[in-house]
Amino acid sequence: MNLLKTVKSDTMPEHYKLMSKAEMANRVMEIKQQLGEDLFIPCHHYQKDEVVPFADAIGDSLQLAQIAASNKQAKHIVFCGVHFMAETADMLTTNEQMVTLPDMRAGCSMADMADIHQLTNAWPILQNLFGDTILPVTYINSTAAIKSFVGEYGGTTVTSSNAATIVAWALEQKERIFFLPDQHLGRNTAFELGIPLDAMAIWDPIKNKLEYEGNLEDCKVILWKGYCSVHQHFTVKNIKTIRKNSPNMRIIVHPECTHEVVSLADDFGSTKKIVTEISNAAPGTEWAIGTEANLVGRIIQENPDKKIASLNPFMCPCMTMNRIDLPHLLWTLESIQNNEKRNQIKVDEQTTKFALKALERMLQLS
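If you're wondering where the values come from, they're calculated on a predicted model, not measured in any experiment.

Caption draft 1: Highlighting the overall build of the protein chain. Broken down by element type, the protein chain carries 14 helices and 17 strands. The principal-axis extents of the C-alpha atoms in the protein chain amount to approximately 65 × 55 × 35 Å. By the burial criterion, 57% of the 366 residues in the protein chain qualify as buried. Across the protein chain, the fraction of contacts at a sequence separation of at least 24, relative to all contacts at a separation of at least 6, is 68%. Looking at charge distribution, the protein chain has the averaged site of its 35 positive side-chain charges lying 2 Å from that of its 43 negative ones.

The structure is reproduced here in structure tokens:
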């Protein structure tokens, strides 16, 4: 089954790299004005500063999913984010709307850690171990194929903003959940809801094996062995360093960080929560943030009345998110202007049918 169709994903012409940023910015604004409401540019918080000013909406995964579902007028949606976000936008919009990803190399290492073939291999083994007691739940940072599987088996998607609400609902539907693909978000969310760590197992998709030392009857959460390559780099050592050198700093981290880091932080939450918490904080307060570097830099710029730093001062931005830059954005917009279908994201009807069930359950519960 062809799960993802793309149209014309050529390499960007060299001349875009030779243009000045001012020239590109002027041209982008010119095209935006010409296309008007026919063009919509959603942008994730982790995007580069050179792209963010041209966004029609900026948000986290949940916000962007909600915006995509409600936008019916734009003919062209140019998604400044990564593959799974553009897939989600395509599935939540109409057939008449075209979703484009400016650079097809903008993927997500976490989403890539859960392959649909690995999941279809895992499911019968888990069914044999636990019977019909498992509800699959997937982080929105997953492929359309994974979402489709989850939707077909009665499950739902989650984001870091609504994870506690969704996981609580899922545990009311079945005795246990199978959480993909980020083990850390799954573990931190379940623990927050009162599930002890010794009631959580790991599914290793490489070994095709369940890792659990306790009694299977006591297992309530099965965590796919995946993680975010960015948030994995915030460590207990980072927290100890902040506590020692900057004791007045309040530490807030994303729930994609390890459980050890989350448990030692002062607070944790979604991208939206981090932005809102610091924005609403009193002037003069001090913060160490455990999340993506582009966003931390933007929060620092937007809050000059506070002392803010990255929890890990050596963090790099999310490399796949950084694939979307001003040259690729301009190239995409000029292609649209010239009626060229390029880098279109199109999920097939069968995959969309069941993936939408998972997405719509999430949106209804959020």
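Caption draft 2: Focus on the environment of H44. Along the chain, the position of H44 falls in strand β3 (residues 42-44). Owing to a relative accessible area of 3%, H44 belongs among the buried residues under this scheme. Measuring from C-alpha to C-alpha, the distance between H44 and F79 comes to 8.6 Å, with 35 residues separating the pair along the chain. If sequence neighbours within four positions are ignored, H44 has contacts with G59, D60, S61, L64, C80, M85 and M321.

Caption draft 3: Quick look at a nonpolar patch on the surface. Among the surface-exposed residues, I125, L129 and L216 lie close enough to one another that they form a single nonpolar patch of about 200 Å² accessible area. Turning to its location among the elements, I125 is positioned in helix α5 (residues 116-130).

Caption draft 4: Examining the sheet that holds strand β10 (residues 200-204) more closely. Ordered in space as β8-β7-β9-β12-β10-β11, the six strands form an open sheet in which the pairing is mixed. What marks the edges here is a single partner per strand, and that holds for β8 (156-158) and β11 (209-211). Taken over all neighbouring pairs, the strand axes of this sheet differ in orientation by 30° on average, direction set aside. Bridge analysis of strand β7 (residues 134-139) against β8 gives three bridges, and the strand direction is parallel. Within the sheet, the bridge partner assigned to Y139 lies in β8 and is V158. Sheet strands touched by helix α6 (residues 144-152): β7, β8 and β9 (176-180). Its angle to β7, the strand with the most contacts, is close to 150°.

Caption draft 5: Broad picture of unusual backbone geometry. A cis geometry characterises the amide bond from L180 onward to P181, with omega recorded as -25°. By the element assignment, P181 lies in the loop between β9 and α8 (183-192). The residue N208 is not glycine, and still its phi comes out positive at about 55°. Structurally, N208 can be placed in the loop between β10 and β11. Look at N208 and you get partly exposed, because its relative accessible area is 32%.

Caption draft 6: Representation of α5. The end-to-end C-alpha separation of α5 is 21 Å, in line with the 21 Å expected for 15 residues at 1.5 Å each. Every buried residue belonging to α5 is among I116, Q118, L119, A122, W123, L126 and F130, and all of these are buried. The distance from a side-chain oxygen at the start of α5 to the backbone nitrogen of H117 is 2.8 Å, and the residue carrying that oxygen is D115. Looking one or two residues past α5, G131 carries a phi angle of roughly 70°, positive in sign.

Caption draft 7: Examining the sheet that holds strand β16 (residues 307-310) more closely. Read from one edge of the open sheet, four strands run β14-β13-β15-β16, paired in parallel fashion. Looking at which strands have only one partner, the edges of the open sheet turn out to be β14 (267-268) and β16.

Caption draft 8: Representation of the nonpolar core in the model. Counting residues in hydrophobic clusters, the biggest one holds 101 residues, and the most contacted among them are L311, L329 and L333. Apart from the residues within four sequence positions on either side, L311 is in contact with F234, N238, I239, I242, I251, V253, V261, A288, I289 and G290. If you look at the next biggest cluster of nonpolar residues, it comprises 22 residues, including I116, A201, W203 and A358.

Caption draft 9: Just the side chain of S270, in detail. Of note, S270 is situated in the loop between β14 and α11 (271-279). Residue classification places S270 among the buried positions, given a relative accessible area of 6%. Looking at S270, its side chain comes within polar contact range of the side chain of S161, at 3.2 Å.

Caption draft 10: Spotlight on α6. Burial analysis of α6 places eight of its nine residues in the buried class, the great majority of the element. All of the buried residues in α6 are A144, A145, I146, K147, S148, F149, V150 and G151. A positive backbone phi angle near 85° is found at G154, which sits one or two residues after α6.

Caption draft 11: Structural context of the UniProt feature "binding site: [4Fe-4S] cluster" (unreviewed entry) in the protein chain. When the UniProt feature table is mapped to this numbering, "binding site: [4Fe-4S] cluster" (unreviewed entry) covers C108, C228 and C318. These annotated residues cover 211 residues of sequence, but their C-alpha atoms sit close together, with the largest distance between any two at 9.7 Å. Here C108 lies in the loop between β6 (98-100) and α5. Judged by relative accessible area, which is 13%, C108 ranks as buried. Non-local contacts of C108, meaning those with residues more than four positions away in its chain, are made with V82, F84, N141 and T320. Structurally, the position occupied by C318 is in the loop between β16 and α13 (326-337). Beyond its immediate sequence surroundings of up to four residues, C318 is in contact with V230 and E292.

Caption draft 12: Quick peek at the packing of helix α4 (residues 83-92) against helix α14 (residues 349-365). Look at α4 against α14: their axes get within 10 Å of each other, and the N-to-C directions meet at 95°. Overall, the two elements α4 and α14 adopt an arrangement that is roughly perpendicular. Contacts between α4 and α14 involve T88, M91 and L92 from the former and T352, A355, L356, L359 and L363 from the latter.

What counts and what doesn't
Residues numbered from 1 in each chain as written. Predicted model: local features only at pLDDT ≥ 70, side-chain atom pairs only at ≥ 80, totals over all residues. Heavy atoms only, no water. Helix = DSSP H or I, 4+ residues; strand = E, 2+ residues; numbered from the N terminus. Buried < 20%, exposed > 50% of the residue type's maximum accessible area, 1.4 Å probe, protein only. Contact = heavy atoms within 4.5 Å. Lys, Arg positive; Asp, Glu negative; His and termini not counted. Charge placed at Lys NZ, Arg CZ, Asp CG, Glu CD. Patch = residues over 30% accessible without salt bridge, like charges linked within 9 Å, V, L, I, M, F, W, Y side chains within 5 Å. Areas by Shrake-Rupley, 256 points an atom, 1.4 Å probe, with all protein chains shown as cover. Salt bridge = Lys/Arg side-chain N within 4 Å of Asp/Glu carboxyl O. Pairing = 2+ DSSP bridges. Axes fitted to C-alpha atoms, helices over the stretch in contact; angles between N-to-C directions. Expected span 1.5 Å × (residues − 1). Polar contact = N/O pair within 3.5 Å; in protein donor to acceptor, adjacent residues only side chain to side chain. Core = buried A, V, L, I, M, F, W, Y, C linked by side-chain atoms within 4.5 Å. UniProt positions renumbered as here; feature names shortened; annotations may be inferred. Parallel < 35°, antiparallel > 145°, perpendicular 65-115°, else oblique.

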